[in-house]
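Listed below, chain by chain, are the residues.
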Amino acid sequence: MGGPDKETLTGSFTAEKNAKIFVAGHRGLVGSAVVRKLLQIGFTNIVLRTHQELDLTRQSDVEAFFAQEKPQFVILSAAKVGGIHANNTYPADFISINLQIQTNVIDAAYRNGVKKLLFLGSSCIYPKFAPQPITEDALLTGPLEPTNEWYAVAKIAGIKMCQAYRLQYGWDAISAMPTNLYGPNDNFHPENSHVLPALIRRFHEAKVSGAKEVVVWGTGSPLREFLHVDDLADAVVFLMEKYSGLSHVNVGSRKEVTIKELAELVKEVVGFEGDLVWDSTKPDGTPRKLMDSSKLAELGWVPKISLRDGLVDTYKWTTRGEQFYEGPVETV
Amino acid sequence: MGGPDKETLTGSFTAEKNAKIFVAGHRGLVGSAVVRKLLQIGFTNIVLRTHQELDLTRQSDVEAFFAQEKPQFVILSAAKVGGIHANNTYPADFISINLQIQTNVIDAAYRNGVKKLLFLGSSCIYPKFAPQPITEDALLTGPLEPTNEWYAVAKIAGIKMCQAYRLQYGWDAISAMPTNLYGPNDNFHPENSHVLPALIRRFHEAKVSGAKEVVVWGTGSPLREFLHVDDLADAVVFLMEKYSGLSHVNVGSRKEVTIKELAELVKEVVGFEGDLVWDSTKPDGTPRKLMDSSKLAELGWVPKISLRDGLVDTYKWYLENVKL
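Since we're looking at a predicted model, the values are computed, not measured.

### A few points about the overall build of chain B
And then number 1: The secondary structure content of chain B amounts to 10 helices and 12 strands.
And then number 2: Computed over C-alpha atoms, the radius of gyration of chain B comes to 20 Å, within 12% of the 20 Å expected from 2.2 N^0.38 for 324 residues, which places it in the range of a compact globule.
And then number 3: Dimensions along the principal axes, computed over C-alpha positions, put chain B at roughly 60 × 40 × 40 Å.
And then number 4: Counting the 324 residues in chain B, one finds 56% classified as buried.
And then number 5: As displayed, chain B has an accessible area near 13600 Å², and 51% of this comes from carbon and sulfur atoms.
And then number 6: Between the centroid of the 35 positive side chains of chain B and the centroid of its 37 negative side chains there is a distance of 3 Å.

Rendered as structure tokens:
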């Protein structure tokens with residue numbers, strides 16, 4: 001399938017701190033973490049556009065933006081995201097908006113001389129019944145999870161676009177697939193947030209209201225993997241610096257916890273002193289979901305933020321204001 | 001996953017012969033056959049645009065076109081297509097151009113009041129090792145054939161877009177996946193055409209040049225299925241009339257032939273009197289490739305053009321149209 005997998009040291013990403021970098025989706029969980037990391041490293045020329053300023057689903061607007069700005073690097077972390085309910089209710093939005101964003105940005109980036117682009121996906125690209133831990137090779141080997149197949153198909157197309165542009169043009173486009181992320185700017189919405197932020201919110205509200213207990217669904221036995229989004233941002237920089245291969249790359253923490261261990265840790269970090277009760281009549285969900293991140297580990301990257309430290313950091317961030325953050329306001 | 005699979009009679013497609021129909025890709029193998037069929041049925045308001053007149057990869061142009069023309073129906077048979085060599089050399093074109101065409105047309109069609117859209121794909125959407133005959137359920141159950149995965153991923157995304165628009169908006173978008181097609185306007189290029197047109201060309205050139213023999217690669221034993229593109233066009237009209245379901249629909253002839261039977265038939269139709277020789281040192285390719293078209297058969301559609309009749313028709317077209 002074209003040239004060999006070039007996993008060579010490119011080493012030019014962090015060399016020039018005034019290189020112009022476009023971070024698409026900078027207000028989201030991932031994009032905001034990437035911006036934080038780039039600023040921390042010392043980059044001085046980070047180009048950002050809100051949705052109102054630049055609608056990435058508009059081909060001509062994206063082309064005009066790239067023609068004018070001509071960034072050297074692009075981190076494509078803009079996407080239409082949501083939980084199970086949103087995916088089920090707005091399948092057309094989830095597939096078409098993501099396809100449009102990806103096709104517009106990847107193509108315009110290539111045509112306007114971007115040196116390197118990193119595309120971010122999600123572990124939901126993998127088959128529902130992929131053997132655990134999930135390796136990069138599992139892609140397209142079996143049926144997707146129906147509840148997010150619209151989003152997953154779009155993300156898979158994005159990975160394939162990056163590969164195709166590398167093969168046809170020799171252009172440096174790479175893809176990173178993170179595991180379950182958490183951290184600042186996550187979605188803490190009471191109804192549609194993921195399990196980790198949901199637990200933080202619930203234990204906090206129980207502490208504040210003096211509730212006797214918090215009831216969590218299931219037995220607590222399913223195994224999950226979590227990665228603090230600042231670790232992901234660190235991996236993004238690492239991959240931009242060191243990876244120019246054809247294959248997408250899994251980015252996980254390689255550390256599993258049971259939902260029970262997670263809930264107990266969140267309870268402790270939040271400081272809720274009531275009871276944690278398990279409603280084992282409710283469903284558990286997938287028994288195990290763990291990415292195989294050995295490809296990234298072999299390249300030399302390791303995560304730095306333990307789950308405990310990450311939860312402390314995240315809880316601190318959530319409670320700095322009066323209310324829980326429920327995601328940026330979307331006008332799409 | 002949203003509403004039930006509504007396989008009901010819609011029956012409004014052929015009712016008004018002056019309904020405005022946009023056939024995207026009308027100069028290709030499939031699009032030209034669809035136009036022929038629509039004219040034959042008596043439609044009087046078929047809107048066509050060449051690539052120069054309307055570049056379907058341009059979002060604003062497609063939106064402006066739909067806003068102005070407001071067709072009632074759309075047959076989306078425009079695509080960037082090609083053989084193994086082209087797919088391998090231009091993978092970015094094959095995935096991005098097809099994604100752009102599909103995303104632009106499907107979205108603009110929905111937003112401009114199109115009543116029904118039919119999206120055309122290809123049997124290459126299915127896993128390389130899908131059990132034969134290949135049912136619609138085989139989609140995304142295994143790895144794709146690497147040589148055309150870029151095109152296949154784009155086509156799969158098109159099917160999923162049609163399903164997603166149906167689920168979110170209740171909009172009538174359907175997808176049809178044809179088997180190997182042949183007929184007028186096919187590609188007869190000596191290097192990159194598919195097996196059937198390649199055989200027509202080679203036997204014809206051997207006849208004209210008085211060659212002693214034609215050598216064909218392999219043993220001739222692999223099984224294949226072919227459908228004349230006029231039959232596909234007939235199925236397109238049938239599906240537009242009668243099908244409003246969530247699932248894509250396979251369109252095959254349900255008739256298998258060995259490559260040997262095909263070659264012998266082409267030799268006979270073309271009238272080459274030399275020898276047909278098999279070079280069995282060369283590879284055969286996939287042992288069998290057959291679509292399961294029972295879903296379409298249960299809806300009540302059958303193909304009408306036998307392979308022999310189809311080859312006669314195609315050879316006649318070849319003689320009249322292909323410059324040697």
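Next comes the rest of the description.
### Focus: the interface of chain A and chain B
And then number 1: At the junction of the two partners, chain A supplies 35 residues and chain B supplies 35 residues.
And then number 2: Here chain A meets chain B over a buried area of about 3100 Å², counting both sides, of which 62% is carbon and sulfur.
And then number 3: Put simply, chain A and chain B have four salt bridges between them.
And then number 4: With a shortest N-O distance of 2.8 Å, Lys160(A) and Glu149(B) are connected by a salt bridge.
And then number 5: Inspection of the region where chain A meets chain B yields 16 residue pairs in polar contact (both at pLDDT 80 or more).

### Some remarks on helix 6 (residues 195–209) of chain B
Residues and elements named next belong to chain B.
And then number 1: Over its 15 residues, helix 6 runs 21 Å from end to end, which matches the ideal 21 Å to within 8%, given 1.5 Å per residue.
And then number 2: Here helix 6 has its buried residues at Leu196, Pro197, Ala198, Leu199, Ile200, Arg201, Phe203, His204 and Ala206.
And then number 3: In this structure, the buried residues of helix 6 make contact with strand 6 (180–182), strand 7 (213–217), strand 8 (223–228), helix 8 (259–270), strand 11 (275–279) and helix 10 (307–321).
And then number 4: Two residues or fewer after helix 6 comes Gly210, characterised by a positive phi angle close to 70°.

### So, the UniProt feature "domain: NAD-dependent epimerase/dehydratase" (unreviewed entry) in chain B
And then number 1: According to UniProt, the positions carrying the feature "domain: NAD-dependent epimerase/dehydratase" (unreviewed entry) are residues 21–252 of chain B.
And then number 2: Taken end to end, residues 21–252 of chain B is 44% helix and 17% strand, and its first and last C-alpha atoms sit 24 Å apart.

### What to know about unusual backbone geometry
And then number 1: Between Gln132(A) and the following residue, Pro133(A), the backbone shows a cis peptide bond with an omega angle of -5°.
And then number 2: Positionally, Pro133(A) belongs in the loop between strand 4 (116–120) and helix 5 (149–169).
And then number 3: In the Ramachandran plot, Lys70(B) falls in the positive-phi region, its phi being about 45° despite a non-glycine side chain.
And then number 4: When you line up the elements, Lys70(B) lands in the loop between helix 2 (59–69) and strand 3 (73–76).
And then number 5: Of note in this structure, Leu140(B) is not a glycine but carries a positive phi near 60°.
And then number 6: By the secondary structure assignment, Leu140(B) is in the loop between strand 4 (116–120) and helix 5 (149–169).

### Some details on the pattern of salt bridges
And then number 1: All told, the structure shown has 32 salt bridges over all chains when counted by the stated rule.
And then number 2: Close ionic contact of Lys37(B) with Asp234(B) constitutes a salt bridge, the shortest N to O distance being 3.3 Å. Of this pair, Lys37(B) sits in helix 1 (residues 29–41) while Asp234(B) sits in helix 7 (residues 229–242), and the two are 197 residues apart along the sequence.
And then number 3: We classify Lys37(B) as buried; its relative accessible area is 16%.
And then number 4: Taken together, the salt bridges that share partners define one network made up of Lys20(A), Arg49(A) and Glu69(A).

### Description of the sheet that holds strand 9 (residues 249–251) of chain A
Within a sheet, neighbouring strands are paired by backbone hydrogen bonds and run either parallel or antiparallel to one another.
All names here are of chain A.
And then number 1: An order of 2-1-3-4-5-9 is seen for the six strands of this open sheet, with the pairing classed as parallel. Looking at which strands have only one partner, the edges of the open sheet turn out to be strand 2 (46–47) and strand 9.
And then number 2: Looking at chain direction, strand 5 (residues 172–178) and strand 9 are connected through three bridges and run parallel. Bridge assignment links Pro178 to a residue of strand 9, and that residue is Val251.
And then number 3: In this fold helix 4 (residues 91–111) packs onto strand 3 (73–76) and strand 4, with an angle of close to 170° to the strand it touches most, strand 3.
And then number 4: On the sheet, helix 5 packs against strand 4 and strand 5 and is oriented at approximately 155° with respect to strand 5.

### Topic: the nonpolar core
And then number 1: One finds Phe66(A) and Phe66(B) to be the most contacted residues of the largest nonpolar core, which totals 98 residues.
And then number 2: If sequence neighbours within four positions are ignored, Phe66(A) has contacts with Phe22(A), Pro71(A), Val74(A), Val105(A), Ala108(A), Ala109(A), Asn112(A) and Val114(A).

### Some remarks on the sheet that holds strand 4 of chain B
Residue and element names in this part refer to chain B.
And then number 1: Ordered in space as 2-1-3-4-5-9, the six strands form an open sheet in which the pairing is parallel. Each end of this open sheet is capped by a strand with a single partner; those strands are strand 2 (46–47) and strand 9 (249–251).
And then number 2: The sheet contact formed by strand 1 (residues 21–24) and strand 3 spans four bridges and is parallel. Looking at strand 3, one finds that Val23 is bridged to Ile75.
And then number 3: Of the strands in this sheet, strand 1, strand 2, strand 3 and strand 4 touch helix 1, which is tilted by about 155° from strand 1.

### As for the packing of helix 4 of chain A against helix 4 (residues 91–111) of chain B
And then number 1: Closest axis-to-axis distance for the helix 4 of chain A/helix 4 of chain B pair is 10 Å, and the angle between their directions is 135°. Between helix 4 of chain A and helix 4 of chain B, the angle falls in the class oblique. In terms of crossing hand, the pair formed by helix 4 of chain A and helix 4 of chain B is left-handed. In this structure, helix 4 of chain A contributes Ser96(A), Leu99(A), Gln100(A), Thr103(A) and Asp107(A) to the contact, and helix 4 of chain B contributes Ser96(B), Leu99(B), Gln100(B), Thr103(B) and Asp107(B).
And then number 2: Looking at the contact of helix 4 of chain A with helix 4 of chain B residue by residue, the classes come out as two nonpolar, six polar and two charged.

### Here's the deal with the environment of Asn88(B)
And then number 1: Looking at where Asn88(B) falls in the secondary structure, it is placed in helix 3 (residues 84–89).
And then number 2: Note: C-alpha distance between Asn88(B) and Trp150(B) (62 residues apart in sequence) is 9.0 Å.

### Here we look at helix 5 of chain A
Residue and element names in this part refer to chain A.
And then number 1: In a regular helix each residue adds 1.5 Å, so 21 residues correspond to 30 Å; helix 5 covers 29 Å between its end C-alpha atoms and thus fits that length.
And then number 2: With 19 of 21 residues buried, helix 5 is to be regarded as a mostly interior element.
And then number 3: Two residues or fewer after helix 5 comes Gly170, characterised by a positive phi angle close to 65°.

Conventions and cut-offs
Per-chain numbering applies: the sequence of each chain, read as written, is numbered from 1 onward. Here every chain gets a letter starting at A, and every ligand a number starting at 1, in the order they are written. It should be noted that, the model being predicted, local features are given only for residues of pLDDT at least 70 and side-chain atom pairs only at 80 or more, the latter also being counted only at that level, while totals for whole chains, interfaces and linings use all residues. Each side-chain value is derived from all of the structure's non-hydrogen atoms; neither hydrogens nor water enter the calculation. Labels follow the DSSP assignment, with helices taken as runs of H or I lasting at least four residues and strands as runs of E lasting at least two, numbered in each case from the N terminus. This radius of gyration counts C-alpha atoms alone. The globule rule is 2.2 Å times how many residues there are, raised to the power 0.38. Type-normalised accessible area, obtained with a 1.4 Å probe on protein chains alone, sets the label of each residue: buried when under 20%, exposed when over 50%, and partly exposed for intermediate values. The method behind every accessible area is Shrake-Rupley, applied with a 1.4 Å probe, and residues are considered shielded solely by the protein chains displayed. Counted as positive: Lys and Arg. Counted as negative: Asp and Glu. His and the chain ends are not counted at all. Lys charges are placed at NZ, Arg charges at CZ, Asp charges at CG and Glu charges at CD. The criterion used for residue contact is that any of the two residues' heavy atoms lie within 4.5 Å. Take the accessible area each of two parts loses on contact, using a 1.4 Å probe, and add the two losses: that sum is the buried area. For this analysis, a salt bridge means a side-chain nitrogen from Lys or Arg found within 4 Å of a carboxyl oxygen belonging to Asp or Glu. Distance and chemistry together define a polar contact, namely a pair of N or O atoms within 3.5 Å, with one atom able to donate a hydrogen and the other to accept it when in protein, and with adjacent residues in sequence counting only for side-chain atoms on both sides. Expected helix span is given by 1.5 Å per residue-to-residue step, counting one fewer step than there are residues. UniProt positions are given in the numbering used here, feature names are shortened, and annotations may be inferred rather than shown by experiment. Should DSSP find at least two bridges between two strands, the strands are regarded as paired. Axis lines are fitted to C-alpha atoms, over the contacting stretch for helices. Their N-to-C directions set the angle, which ranges from 0 to 180 degrees. Nonpolar cores are built from buried Ala, Val, Leu, Ile, Met, Phe, Trp, Tyr and Cys residues. Side-chain atoms within 4.5 Å join them into one set. With respect to orientation, any angle under 35 degrees is reported as roughly parallel, any angle over 145 as roughly antiparallel, any angle of 65 to 115 as roughly perpendicular, and every other angle as oblique. The handedness criterion is simple: a crossing whose near helix is rotated anticlockwise from the far helix by less than a right angle is left-handed, and one whose near helix is rotated clockwise is right-handed. Note that Gly is not counted as nonpolar here; it falls among the polar residues with everything else outside the nonpolar set of Ala, Val, Leu, Ile, Met, Phe, Trp, Tyr, Cys and Pro and the charged set of Asp, Glu, Lys and Arg.

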